[in-house]
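# Examining the three-dimensional arrangement
One-letter residues, chain by chain:
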There are 2 protein chains.
Amino acid sequence: MKAMKIGVLGTGVVGTTIGSKLVALGHDVMLGARSATNEKAAVWVGETGKRASHGTFTAAAAHGEIVFNCTAGTGAVAAVTAAGVDNLRGKILIDVSNPLDFSKGMPPSSMFRGDDSLGEQIQRAVPEALVVKTLNTVNAHVMVAPGQVNGGDHHVFVCGDDGHAKARVKEILHAWFDWKHVIDLGDMTGARGCEAYVLFWVRLWGAQSTADFNIKVVK
Amino acid sequence: MKAMKIGVLGTGVVGTTIGSKLVALGHDVMLGARSATNEKAAVWVGETGKRASHGTFTAAAAHGEIVFNCTAGTGAVAAVTAAGVDNLRGKILIDVSNPLDFSKGMPPSSMFRGDDSLGEQIQRAVPEALVVKTLNTVNAHVMVAPGQVNGGDHHVFVCGDDGHAKARVKEILHAWFDWKHVIDLGDMTGARGCEAYVLFWVRLWGAQSTADFNIKVVK
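Described below are features of the structure shown in this document. (Residues numbered from 1 in each chain as written. Chains lettered and ligands numbered in written order. Predicted model: local features only at pLDDT ≥ 70, side-chain atom pairs only at ≥ 80, totals over all residues. Heavy atoms only, no water.)

### Re the relation of the copies chain B and chain A
Which entries qualify depends on this criterion: The least-squares superposition of copies is restricted to C-alpha atoms, and to residues with a pLDDT of at least 70 in both copies. Note on contacts: a residue pair qualifies if any of its non-hydrogen atoms lie within 4.5 Å across the two residues.
Once chain B is rotated about the relating axis by 180° and shifted along it by 0.0 Å, it coincides with chain A to within an RMSD of 0.0 Å. Here the copies are linked by what is in effect a two-fold axis. The fraction of interface residues of chain B whose copies in chain A are also interface residues reaches 100%, indicating that both copies meet through the same surface.

### Some thoughts on the sheet that holds strand E4 (residues 66-69) of chain B
Residues and elements named next belong to chain B. Our working definition: Paired strands, in this sense, are two strands between which DSSP finds at least two bridges. A run of DSSP states H or I qualifies as a helix once it reaches four residues; a run of E qualifies as a strand once it reaches two. Both are numbered from the N-terminal end. Note on method: axes are straight lines fitted to C-alpha atoms, helices fitted across the in-contact stretch only, with angles between N-to-C directions ranging 0 to 180 degrees.
An order of E3-E2-E1-E4-E5-E8-E9-E10 is seen for the eight strands of this open sheet, with the pairing classed as mixed. Sheet topology places strand E3 (52-56) and strand E10 (182-184) at the edges, where each strand pairs with a single neighbour. For this sheet the average axis-to-axis angle between neighbouring strands, irrespective of direction, equals 25°. The pairing of strand E1 (residues 5-9) with E4 spans four bridges and is classified as parallel. Residue pairing for E4: Ile6 is matched across the bridge by Ile66. Most of the contacts of helix H2 (residues 39-48) go to E3, to which it runs at about 165°, and overall it touches strand E2 (28-33) and E3.

### A look at the interface of chain B and chain A
For the record, the criterion: Throughout, the accessible surface (probe 1.4 Å) given up by two parts as they are put together, summed over both, is called the buried area. Counted as salt bridges are all cases of a side-chain nitrogen of Lys or Arg within 4 Å of a carboxyl oxygen of Asp or Glu.
Contact residues are listed per partner, giving 40 residues for chain B and 40 residues for chain A. Of the roughly 3,200 Å² buried where chain B meets chain A, counting both sides, 62% is carbon and sulfur surface. Contact with chain A buries surface across chain B, with Arg113, Arg203 and Lys219 of chain B losing the most and accounting together for 25% of the total. Joining chain B to chain A, the criterion identifies two salt bridges.

### Observations regarding the environment of Pro108 of chain A
Within the element layout of this structure, Pro108 of chain A appears in the loop between strand E6 (100-101) and strand E7 (109-110). Along the primary structure Pro108 of chain A and Leu199 of chain A are separated by 91 residues, whereas in three dimensions their C-alpha atoms are 7.6 Å apart. Apart from residues lying up to four places away in sequence, Pro108 of chain A is in contact with Leu100, Asp101, Phe102, Leu199 and Val202 of chain A together with Gly114 of chain B.

### Remarks on unusual backbone geometry
All names here are of chain A. Here the amide bond leading from Met106 into Pro107 is cis, since omega sits at -10°, within 30 degrees of zero. Among the secondary structure elements, Pro107 is positioned in the loop between E6 and E7. A positive phi is found at Asn150, a non-glycine position, where the angle reads about 50°. If you trace the backbone, Asn150 turns up in the loop between helix H7 (140-144) and strand E9 (156-160).

### A word on the layout of surface pockets
All names here are of chain B. Formally: Site definitions follow a grid-based scheme: protein atoms alone, a 1 Å grid, a 1.4 Å probe that fits but cannot get out for cavities, and for pockets an open set with protein on both sides within 12 Å along at least five of seven lines, plus lining residues having an atom within 4 Å of a point. Grid points are joined across faces, edges and corners, and a volume is the space filled by probe spheres set on the points. Any residue that is not Ala, Val, Leu, Ile, Met, Phe, Trp, Tyr, Cys, Pro, Asp, Glu, Lys or Arg is counted as polar, Gly included; the first ten are nonpolar and the last four charged.
Each pocket or cavity is described by its volume, and for the largest pocket that value is around 930 Å³. Lining the largest pocket we find 39 residues, and of these Val14, Cys70, Thr71, Ala72 and Gly73 sit closest to its centre. If you list the elements that add at least two residues to the lining of the largest pocket, you get helix H1 (13-24), E2, helix H4 (73-83), helix H7 (140-144) and helix H9 (191-207). Per-element tally for the lining of the largest pocket: the top contributor is H4, with six residues. Across the lining of the largest pocket, the residue classes break down as 21 nonpolar, 16 polar and two charged. Of the pockets and cavities examined, the second largest pocket occupies roughly 650 Å³.

Structure (structure tokens):
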């Protein structure tokens, strides 16, 4: 697959893990933050090499042919709004964010009761972007290395309103990250489900000896 | 295992499915409803035979050495409150309810944002009962016949504040319903996770060809 320009919004563990994987695959990755001088982003660029750069959310969105949203849930809508409708128009925006509310400490609660979702809010904020929700149900390490859990025999989920964009994201999940099993949850309201799941993930994490786990749907 | 007297609160699909399975195992089951003359309960008793009876929530709780709460989420706290602190004191109360809000139609939203749960509300309503949350993450058919999904190779979850009661419920899940794999989510706050999961279950259901599915946690 040809090298692409990719924007990654968010400088946390998810953003830098996905960014580093994409750089390793040969893509040109710009990490976006609120500030063009974000220190974590600058450190990441120094560690990651010449295909890595950083800038504002706006600059990263303009840079990307495809854009990943890896911001914290409480700042996600503000981040894609700052990225800008014009910079995301017609582009696939892969939303990895989770609506976790840490205002009362750990474990977090959710921003929603299953009556809305970040995926939908983000799609409404940038209506001409092709938003596809995925990867939010596993930790950053598993997102880019699913084969390290049960030999890759487990599931990741996608949802979104644009069928072609979802099909392209399924290809990306397979080709870039080696995901073998993808379940399509339908339109973007499916995000109400896969985002709610993360409250369960937190409890499973507490019950396991590792955060590197996932679920396999069986019939 | 010896025959027991069991109370089942709720006359819907979950209550009657669990009640019928328990009768088939030789237990004496009283189905409880708000009214002592509940029609669905009367029909179930007629179909199920001499070990089946029905009555009020209060009567069913008094009858049971163990009590299952299979009421709808929006009525669950009222049901166990009606069942009565005195009738549930020191008894295992297996809570199968889900906090689904159907007031805006399908698919449902949740009563909570992961900041509380029915399991916790029920434990607070009847503080001297030994509440254990389980089975709420699968449909009624799978609850009592897990072997029909993937040969039984998948997980059910338990949580609750009393360790001895949880251990007993794990035995019950295995001995009565043939569950082979149980994950302990810790104290009753774990219900915030396994109840939130059901919003995800609804979306998985939409993506599968059947409601007879479950998840297997893999590492």
